[in-house]
Amino acid sequence: MSQRSGSNSRALLGRLRDTMASEAKGQERLDTITHLIADSMGTEVCSIYLFRDTDTLELCATEGLNRDAVHQTRMKLGEGLVGRVAKSNKIVNTADAPSAKGFRYMPETGEEIYSSFLGIPIQRLGEKLGVLVVQSKLAREFTSDEIYALEVVAMVIAEMTELGAFVGEETGLKALHQQAVMFRGATAQEGAAQGNVWLHEPRVVVTNLVTEDPEAEKQRLRDCVETLQAHIDTMFDTVQSGDKEQLEVLEAYKMFANSRGWMRRMETDIDSGLSAEAAVEKEQSTARARLEQATDAYMRDRLHDLDDLSNRLLRILTGQGKETGADMPADPILIASNIGPAELLDYGRSLKGIVLEEGSVGSHATIVARALAIPLVIRAKNITTEALNGDRILVDGDQGIVHLRPDEMVASAFRDKIAMEAEAQERYSAIRDDATITKDGTHLSLVMNAGLMADLPSLNHSGAEGVGLFRTELQFLVRSKMPQRSELSSLYKRVMDAADGKRVVFRTLDIGSDKVLSYLPHVEEPNPALGWRAIRVGLDRPSVLRMQLQALLRAAEGRPLSVMFPFVAQMNEFDQARAEMDKAIEREVRLGHPIPESMEIGAMLETPSLAFAPKRFYETVDFVSIGGNDLKQFFFAADRENELVRRRYDTLNLSFLSFLQQISERCAETATRLSFCGEDAGRPIEATAFAAIGIKNLSMRPASIGPVKHMLLRTNLNDIRDAIKQAHAEGVQSARPYILQSLSGK
Ligand code: PEP
Ligand code: MG
């Protein structure tokens, strides 16, 4: 940018700032701004279009077009040239507007006499706010200097919009972040919650937009970038050398923080009159717009890193830390772009719900949210930009929907939903202590899945007879270094103490695939779900497995102990794992420690191969537990974490049901205890089918025990067996409609 245009631009920004600081009303401000811009750019027309709702733009001020059209002319997103700028988030610069793609003639504005058109999106950090347009009669394209100057102005208008400068009766514009917004994400943990927004990372508010002393401002930016670089160096020191992903992110941070290009762009922004903060935000907004369009995963990751880094720099510049001094509201619902498992555990059960912009069903945060039974919606796009601390929010974890600042109708429907659930819970608590006996007299055992000490109180609340699956990964996942045997042992002991004699089945470490430990060397695998995971790691690198088995033996202090090994695919893996247990026991005996008075060692059946293992396997193993989440993904070859396929196959598909039945029959033949501990055990209809084919032990989330028991108490398993038989006879794909019909008594 030339010196002259720099000082021109600064003068214009200075006048805009005065407008902002003045007592003027919203409309007056808008009118002044369009006048100032047209004057400074030497164009006949300058107009500002702002969003009326998410889909409609409205002409809010103009210099040069017919003023009667103000607040009258509206267009949909994508409609006309203005709508095209807003929709594509890209500039339109043309010498011949009437012939440009998408042009729409709006007679009320009188714009047909203007040939040149330059439209710039007004957006802040990816949030679309409107369009700024200049037009002139002379047919010419605008120069890059002019475009740049107008971009800077659009940035300031975006900030002013954000700060509520144009709100008022005459403009009809409401303050941003006050309207009801619905987000459609994906469900990661079911349940409904209502509460108030608590932002994990509060937004940085920039009020100082313009500078008159660019040299001092550039120095301030350079100083803060230096501080940022020092922060990154410190972060490098704290990251474990094995954590490749973290190191990659830090490398990217470092690259950007030292990037001359980034610095140069921000300095040019400052030369044109923006403050250092506004310059950072301007470049951040550009990066966000590119992020929207990037399809390459690596590129997306890096743009994301730049976004994070810009936030850090903004915090340094404004002195606004994560700590804003605000108090956490009552019934907090955590909003974050993403969050690590340890941070989430720190919040613990104080949270009523969680909404993430990113996340995946298998992420560590999701595992923690599930363990804590907190409703979680993931992939709620742009929620961190929209939500403000304290906003009212409803989280529907069943549908993956979030209502921010809901209107009364939505809120009342939601209250009804929660009340109905509470009512159902009441009903379940009445049967909590009843044995689970079906109408035909079959006794079933309902137990719960757990993964945290904090889960244990649910044993009493839910009426679970014990813990059918205690996932031991969390204690490993949330630490930055390998936990010690004594730490594990004391946790397992507390779990057994809290279970107070009820059976707890501990599953040995199930890492690999999606669960990566930062302190263990990470092996790059082409297909981690089929890779080096669970018992495979345990047997190849037995030190962790041995440490864990010892911790369990010590924790038992002579009490009965149940242990199972995850992801056993063939008989010898179980034999070897069991041999490790025998060795661990021998060692304990040698050391004079007490050993459990009785012990059961089981295997999780999570790969179809184990179903066909030799009979000796079924004779040797003390129990088999079907890990339905994994078993189903391998049976149907459908990734359990891939939204595109994960709901595609029905658990009650007769192929799968027949397969489960074969496992059940093999276990019956050798009198091997069989249980099912995948998510499907907690679904009432599925549970009746499992029970009907002979799976009598079902392990599920504590909240599912009530609904499943309620269903089983009313069910005659002979009817379900008949329904399945009929579905087979009719050669259909799934037994679901037949079971549903039978359950509804028709
Ligand atoms: C399963 O695969 O069904 C299971 C219970 O284990 P996880 O969900 O922990 O893989
Ligand atoms: Mg599994």
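Please read these numbers as outputs of a predicted model, since none were measured by experiment.

Asks: Where do I start with the pattern of salt bridges in this structure?
Replies: Close approach of charged atoms allows side chains of opposite charge to pair. One pass over the full model with this rule turns up 47 salt bridges. Arg 265 is the salt-bridge partner of Glu 283, the closest N and O atoms lying 3.2 Å from each other. Here Glu 283 is found in helix H8 (residues 276-293), whereas its partner Arg 265 is found in helix H7 (residues 260-271), with 18 residues between them in sequence. Classification of Glu 283 by relative accessible area gives buried; the value is 8%. One continuous salt-bridge network, built from bridges that share partners, spans Arg 124, Glu 159, Glu 162, Arg 203 and Glu 281.

Asks: Which parts of the structure should I look at to understand the coordination of the magnesium ion (ligand 2)?
Replies: Tetrahedral coordination by four donors sets the ideal angle at the metal to 109.5 degrees; octahedral coordination by six donors sets it to 90 or 180 degrees. Around the magnesium ion (ligand 2), the protein supplies Glu 606 (OE) and Asp 630 (OD) as donor atoms, at distances of 2.0 to 2.1 Å. In this pair, Glu 606 is assigned in the loop between strand S20 (599-605) and helix H20 (608-611) and Asp 630 in helix H22 (residues 628-635), connecting sequence segments 24 residues apart. Comparing Glu 606 with Asp 630 shows no difference in burial state: the two are buried.

Asks: Can you help me understand helix H3 (residues 80-88) in this one?
Replies: One full turn of an α-helix is made of 3.6 residues, so residues set three or four places apart face in the same direction. Buried within H3 are the following residues: Gly 80, Leu 81, Val 82, Gly 83, Val 85 and Ala 86. Those residues of H3 hidden inside the fold are in contact with strand S1 (45-53), strand S2 (56-63), strand S3 (74-76), strand S4 (92-94), strand S5 (116-124) and strand S6 (127-136). Downstream of H3 by a residue or two, Asn 89 has a phi angle that is positive, lying close to 60 degrees.

Asks: Is there a simple way to explain the pairing of strand S21 (residues 623-626) in this structure?
Replies: Regular strands show a simple pattern: their side chains alternate between the two faces of the sheet. Residues Phe 623 and Ser 625 line one face of S21 and the alternating positions Val 624 and Ile 626 line the opposite face, and both faces are buried. Here S20 pairs with S21 via 4 bridges, running parallel. Counted as the bridge partner of Met 604 is Ser 625 from S21. Sheet analysis places S21 next to strand S22 (residues 673-676), joined by 4 bridges and oriented parallel. The partner of Phe 623 across the bridge, within S22, is Arg 673.

Asks: Just to check I follow, could you spell out the domain arrangement of the protein for this structure?
Replies: How large an interface is tends to be reported as the accessible area lost when its parts come together. Domain boundaries assigned for the protein yield domain 1 (3-178), domain 2 (181-202 + 324-406), domain 3 (214-318) and domain 4 (437-743). Taken together, the contact pairs 17 residues of domain 1 with 16 residues of domain 3. Buried surface at the junction of domain 1 and domain 3, both sides included, amounts to about 1400 Å², of which 57% is carbon and sulfur. If you look at where domain 1 meets domain 3, you find 8 residue pairs in polar contact (both at pLDDT 80 or more). When contributions to the side of domain 1 that touches domain 3 are tallied by element, the ones reaching two or more residues are helix H1 (3-21), S5 and helix H4 (144-162). Per-element tally for the side of domain 1 that touches domain 3: the top contributor is H4, with 6 residues. Residues of the side of domain 1 that touches domain 3, tallied by class, amount to 6 nonpolar, 6 polar and 5 charged.

The rules behind these values
- Residues numbered from 1 in each chain as written.
- Chains lettered and ligands numbered in written order.
- Predicted model: local features only at pLDDT ≥ 70, side-chain atom pairs only at ≥ 80, totals over all residues.
- Heavy atoms only, no water.
- Salt bridge = Lys/Arg side-chain N within 4 Å of Asp/Glu carboxyl O.
- Helix = DSSP H or I, 4+ residues; strand = E, 2+ residues; numbered from the N terminus.
- Buried < 20%, exposed > 50% of the residue type's maximum accessible area, 1.4 Å probe, protein only.
- Donors = N, O, S within 2.8 Å, 3.2 Å for Na, K, Ca; no water.
- Contact = heavy atoms within 4.5 Å.
- Pairing = 2+ DSSP bridges.
- Domains from an automatic or database assignment.
- Buried area = accessible area lost by both parts, 1.4 Å probe.
- Polar contact = N/O pair within 3.5 Å; in protein donor to acceptor, adjacent residues only side chain to side chain.
- Nonpolar A, V, L, I, M, F, W, Y, C, P; charged D, E, K, R; others polar.

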